[in-house]
Amino acid sequence: MLKLSRREVIISSAAAAAAFGADRRIALIPSAMAQKAPAAGFHKFKVGDIEVTTIFDGIWEKAHDPGFIKNASVEDTKAALKAAGMDESKVTIPFTVTVVKSGGKTVMFDAGTGGQLSPLAGRLADNMKAAGIDPAKIDTIAVTHYHADHIFGLMAKDTNVQVYPNAEIIVPAAEHGFWTDAGIFAKLPEARHGLAKRIQATLPTWKNVKQVEGEREIAPGIRALAAPGHTPGHTVYVVGSGKDVMIVLADTSNIPALFVRNPGWHAAFDADPVVAEQNRRKLFDRAVADKIIVTGYHYGQPGAGTFQKDGAGYAFVPLV
Ligand SMILES: [Zn+2]
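Residues numbered from 1 in each chain as written. Predicted model: local features only at pLDDT ≥ 70, side-chain atom pairs only at ≥ 80, totals over all residues. Heavy atoms only, no water.

*Asks:* I'd like a rundown of the overall build of the protein chain, residues and numbers included.
*Replies:* Scanning the protein chain for helices and strands turns up 9 helices and 14 strands. Counting all 320 residues of the protein chain, 52% fall into the buried class. If you take every contact in the protein chain between residues at least 6 apart in sequence, the share linking residues at least 24 apart comes to 68%. Just so you have it, the protein chain exposes about 14500 Å², and 56% of that area is on carbon and sulfur atoms. (Helix = DSSP H or I, 4+ residues; strand = E, 2+ residues; numbered from the N terminus. Buried < 20%, exposed > 50% of the residue type's maximum accessible area, 1.4 Å probe, protein only. Contact = heavy atoms within 4.5 Å. Areas by Shrake-Rupley, 256 points an atom, 1.4 Å probe, with all protein chains shown as cover.)

See below:
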């Protein structure tokens, strides 16, 4: 078998770029990505000794809206969906929760929609059961940020009763401080007021919530890493070490077909889109350079894979 040195690989991709045109994109996202509910509601794989399960919670079918991406039109959005082999009549946003077993502890990252956001989501509990994970045995829930699709699964509909009363709930201090500030309503768009009120009625009153500052270990082999922009305290988690490492990217970007391919596109979901883009590029570049496996909350199933540099953007290559 032909083995290429790194230098030869670089030369040959430069030659390919010359042949196809410098901005020609060389990799494609498999077209089945994020389309409909996957056959299995979960996917298991290993990172070193750490067992990882990604669990599908469902999808939100979002109608096109010219305000969704600040620097791309609805036509651009449709073209990108089509190029990825996806239904271009709407934006399909999946929700996928990552669970790891590391150092004898079961840690879940975020908690799903709780079936309270989209009629097509709320399958986390059923799929968790199918994956053989007992929700009562989750030791830690590491929250990435306080958007509804990530935390409503922590609280029961209408009553706000805790769904995981026995788990330790790790939250980024910056995120907690932002949403629980009494003055937040003056700064926040009207549409987010309901979320802030619900946060203020729940998380600060729960005894099992633990705020963590900056970069530190939150469970065996799992470190928090601040990656703000999407929200003021948005945090990713680095799982494992050395070459056996995975990053739980959460909402560093939304769906790959739009925001991995076009890392400079600014979604309306991002509180500070410029800072979000800086952190997105930094994390994506690190994942490419170190061949790191990532999981993305809105990356569909399996919800995990690697990145490749691809023209001016990146390509997400799902695990198979
Ligand atoms: Zn999200």
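Don't stop here, the text continues.
*Asks:* With reference to specific residues and values, describe helix H2 (residues 74-83).
*Replies:* Buried within H2 we find Thr77, Ala80 and Leu81. Viewed along the axis of H2, the buried residues span an arc of 100 degrees, placing them on a single side of the element. Residues of H2 that are exposed and angled more than 90 degrees away from the buried face: Glu75, Lys82 and Ala83. In this structure, the buried side of H2 is in contact with strand S3 (91-102) and helix H8 (256-260). Directly beyond the C-terminal end of H2, a positive phi value near 75 degrees is found at Gly85. (Arc of directions from axis to C-beta.)

*Asks:* Account for the nonpolar core, with residues named and values stated.
*Replies:* Within the largest apolar cluster, 34 residues are counted, with the highest numbers of intra-cluster contacts made by Met108, Ile151, Leu154, Tyr164 and Leu203. For this core, the secondary-structure elements that each account for two or more residues are S3, helix H3 (124-130), helix H4 (148-151), strand S6 (168-172) and helix H7 (193-201). If sequence neighbours within four positions are ignored, Leu154 has contacts with Ala111, Ile141, Val143, Val161, Gln162, Val163, Tyr164, Ile169, Leu203 and Trp206. Counting 20 residues, the second largest nonpolar core, distinct from the first, contains Ile50, Val107, Ile218 and Ala224. (Core = buried A, V, L, I, M, F, W, Y, C linked by side-chain atoms within 4.5 Å.)

*Asks:* Can you break down the coordination of the zinc ion residue by residue, with the values?
*Replies:* Only Asp149 (OD), His150 (NE2), Asp251 (OD) and His298 (NE2) from the protein coordinate the zinc ion, and they sit 2.1 to 2.3 Å from it. Because the angles between the 4 donor atoms bound to the zinc ion fall within 89 to 171 degrees, the donor set is best described as irregular. Within one chain, the residues serving as donors to the zinc ion are arranged as D-H-x100-D-x46-H. With a gap of 47 residues between them, Asp251 in the loop between strand S11 (244-250) and H8 and His298 in the loop between strand S12 (293-296) and strand S13 (304-310) connect regions that are remote in the sequence. The exposure class assigned to Asp251 is buried, which follows from its relative accessible area of 5%. (Donors = N, O, S within 2.8 Å, 3.2 Å for Na, K, Ca; no water. Tetrahedral: all angles 85-135°; square planar, octahedral: opposite > 155°, others 65-115°.)

*Asks:* So what's going on with the confidence of the model for the protein chain? Residues and values would help.
*Replies:* Per-residue pLDDT for the protein chain averages 89, and the proportion of residues at 70 or more is 88%. Confidence over residues 1-36 falls short of pLDDT 50; this stretch has 42 contacts with residues more than four positions distant or in other chains. (pLDDT = per-residue confidence, 0-100.)

*Asks:* If you had to explain the pattern of salt bridges to someone new, which residues and values would you point to?
*Replies:* For the structure shown, the criterion picks out 8 salt bridges. Across the salt bridge formed by Asp310 and Arg261, the nearest N and O atoms sit 3.5 Å from each other. One end of the pair, Asp310, is in strand S13; the other, Arg261, is in the loop between H8 and helix H9 (273-289), with 49 residues separating them in the sequence. No difference in accessibility class separates Asp310 from Arg261, as the two residues are buried. (Salt bridge = Lys/Arg side-chain N within 4 Å of Asp/Glu carboxyl O.)

*Asks:* Summarise the sheet that holds S12; cite the residues concerned and give the values.
*Replies:* Here 7 strands make up an open sheet; going across it, the order is S8-S9-S10-S11-S12-S13-S14 and the pairing mixed. Edge positions in the sheet fall to strand S8 (217-219) and strand S14 (313-318), since each has one partner strand and no second. Sheet twist, expressed as the average angle between the axes of neighbouring strands with direction ignored, equals 35 degrees. With 4 bridges connecting them, S11 and S12 associate as parallel partners. Considered in S12, the bridge of Ile247 is made with Val294. Contacts from H9 reach strand S9 (222-226), strand S10 (235-241), S11, S12, S13 and S14, with the element oriented near 100 degrees to S13. (Pairing = 2+ DSSP bridges. Axes fitted to C-alpha atoms, helices over the stretch in contact; angles between N-to-C directions.)

*Asks:* Help me get a handle on empty space enclosed by the protein, residues and values and all.
*Replies:* Counted according to the given criterion, the structure contains 5 cavities of 30 Å³ or more. Quantified by volume, the largest cavity comes out at close to 60 Å³. Residue lining of the largest cavity: His230, Asp251, Ser253, Asn254, Phe259, Trp265, Ala267, Phe269, Asp270 and Arg280, and that is the complete set. Each residue belonging to the lining of the largest cavity can be placed in one class, and the counts come to 4 nonpolar, 3 polar and 3 charged. (1 Å grid on protein atoms, 1.4 Å probe; cavity = no way out; pocket = protein on both sides within 12 Å on 5 of 7 lines; lining within 4 Å. Points joined across faces, edges and corners; volume = space filled by probe spheres on them. Nonpolar A, V, L, I, M, F, W, Y, C, P; charged D, E, K, R; others polar.)

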